[in-house]
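Breakdown of the fold
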Amino acid sequence: MPNEKEKAKEKERPAHEIRMGRIKAVIWGNETENGNVRHNVQVRRIYKDGDEWKQSDSFGRDDLPLVAKVLDLAHSWIFGQVAQDKE
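So, a few notes on the structure that sits alongside this text.

Criteria and thresholds
Residues numbered from 1 in each chain as written. Predicted model: local features only at pLDDT ≥ 70, side-chain atom pairs only at ≥ 80, totals over all residues. Heavy atoms only, no water. Core = buried A, V, L, I, M, F, W, Y, C linked by side-chain atoms within 4.5 Å. Buried < 20%, exposed > 50% of the residue type's maximum accessible area, 1.4 Å probe, protein only. Helix = DSSP H or I, 4+ residues; strand = E, 2+ residues; numbered from the N terminus. Contact = heavy atoms within 4.5 Å. Pairing = 2+ DSSP bridges. Axes fitted to C-alpha atoms, helices over the stretch in contact; angles between N-to-C directions. Expected span 1.5 Å × (residues − 1). Salt bridge = Lys/Arg side-chain N within 4 Å of Asp/Glu carboxyl O.

A look at the nonpolar core
Soluble globular proteins tend to pack their nonpolar side chains together in the buried interior. Ile18, Ile23, Ala25, Ile27, Val43, Val67, Val70, Ala74, Trp77 and Ile78 together form the largest nonpolar core, which totals ten residues. Sorting the residues of this core by element identifies β2 (23–31) and α2 (64–86) as the ones contributing at least two each. The element best represented in this core is α2, accounting for five residues. Here valine 67 is in contact with Ile23, Val43 and Phe59, once residues within four sequence places are set aside.

Spelled out as structure tokens, the structure:
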């Protein structure tokens, strides 16, 4: 059985992450008061500034097809989780 520190760490980690090239979707699971899980998605563009990796929530024209694909995969993953939870 997980202790309080382990539970806190689990809450800090995303439920799932999807990455294609420099675009990624981070899916977070948030438990509601009645015990259901609601998912939220953050979309980021990853880029390197010198030696340092950074993230942005701003996208250029050429990023948009990958943004759409990553969001589609995130949508499918969330629906798969909901179906799995109902079993």
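That shown, we press on.
Observations regarding the sheet that holds strand β1 (residues 16–20)
An order of β1-β2-β3-β4 is seen for the four strands of this open sheet, with the pairing classed as antiparallel. The open sheet has two free edges, formed respectively by β1 and β4 (52–56), since each of these has just one partner strand. Each adjacent strand pair in this sheet contributes to an overall mean axis angle of 30°, direction not counted. When β1 meets β2, the two strands line up antiparallel, connected through five bridges. When the bridges of β2 are listed, methionine 20 appears paired with isoleucine 23.

Some details on α2
For α2, with 23 residues, the first-to-last C-alpha span of 33 Å sits near the 33 Å given by 1.5 Å per residue. Along α2, the residues classified as buried are Val67, Val70, Ala74, Trp77 and Ile78. As for α2, its buried residues are in contact with β1, β2 and β3 (37–49).

Here's the deal with the environment of tryptophan 53
Considering the arrangement of structural elements, one finds tryptophan 53 in strand β4. Dropping the residues within four chain positions of it, tryptophan 53 is found in contact with Ile46, Tyr47 and Lys48.

As for the pattern of salt bridges
In the structure shown here, the tally under the stated rule is five salt bridges. Between aspartate 63 and arginine 22 there is a salt bridge, with the nearest N and O atoms lying 2.7 Å from each other. With aspartate 63 in the loop between β4 and α2 and arginine 22 in the loop between β1 and β2, the pair connects residues that are 41 residues apart, well separated along the chain. Overall, aspartate 63 belongs to the buried group, its relative accessible area being 6%. The exposure class assigned to arginine 22 is partly exposed, which follows from its relative accessible area of 42%. As a salt-bridge pair, aspartate 49 and lysine 54 come within 3.0 Å of each other at their nearest N and O atoms. Note on aspartate 49: relative accessible area 43%, which makes it partly exposed.

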